[in-house]
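The residues making up each chain are set out below.
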Amino acid sequence: MDKGQKAELNRKGNVLFNSGEIEKARRVFLTTGYSDGISRVGDYYMSKNMIMEAFQMYWTAPNRRKLEPLLEQLANILKGMVKDSETGKQ
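A brief report on the enclosed structure follows. (Residues numbered from 1 in each chain as written. Predicted model: local features only at pLDDT ≥ 70, side-chain atom pairs only at ≥ 80, totals over all residues. Heavy atoms only, no water.)

## Some words on the pattern of salt bridges
(1) Moving on: One pass over the full model with this rule turns up four salt bridges.
(2) Moving on: For Arg-40, the salt bridge identified is with Asp-36, shortest N-O distance 3.5 Å. A residue pair is termed a helical-turn pair when its members lie 3 or 4 positions apart in one helix, as Arg-40 and Asp-36 do in helix H3 (residues 35-47) at four residues.
(3) Moving on: The exposure class of Asp-36 is partly exposed, given its relative accessible area of 40%. (Salt bridge = Lys/Arg side-chain N within 4 Å of Asp/Glu carboxyl O. Helix = DSSP H or I, 4+ residues; strand = E, 2+ residues; numbered from the N terminus. Buried < 20%, exposed > 50% of the residue type's maximum accessible area, 1.4 Å probe, protein only.)

## Observations regarding helix H1 (residues 3-18)
(1) Moving on: With 16 residues, H1 should reach 22 Å at 1.5 Å per residue; the first-to-last C-alpha distance of 22 Å fits that figure.
(2) Moving on: Listed in full, the buried residues belonging to H1 are Asn-10, Gly-13, Leu-16 and Phe-17. Down the axis of H1, the buried set is contained in an arc of 120°. They therefore lie on one face. H1 presents Glu-8, Arg-11, Lys-12, Val-15 and Asn-18 as exposed residues on the side facing more than 90 degrees away from its buried surface.
(3) Moving on: Those residues of H1 that are buried are in contact with helix H2 (22-32) and H3. (Expected span 1.5 Å × (residues − 1). Arc of directions from axis to C-beta. Contact = heavy atoms within 4.5 Å.)

If you want it as structure tokens, here you go:
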């Protein structure tokens, strides 16, 4: 796909996103590799508390600034699970 086609699709994705058609916009952004759009979809998922979906979007974007806090949260959750398993808590 050439730059013009990519730009046209990205504009279409922005219109879809702004009109609330997030999943359609996500597909467009993933197709074109538009990292800003992918990150905005991640932000939308975060606002809906869809953490794993947001993580996937930030990873794909790649948006390390937004990904790193999620990695820290995940690490803390895993540490807690390991600690609980060592002490016998369920």
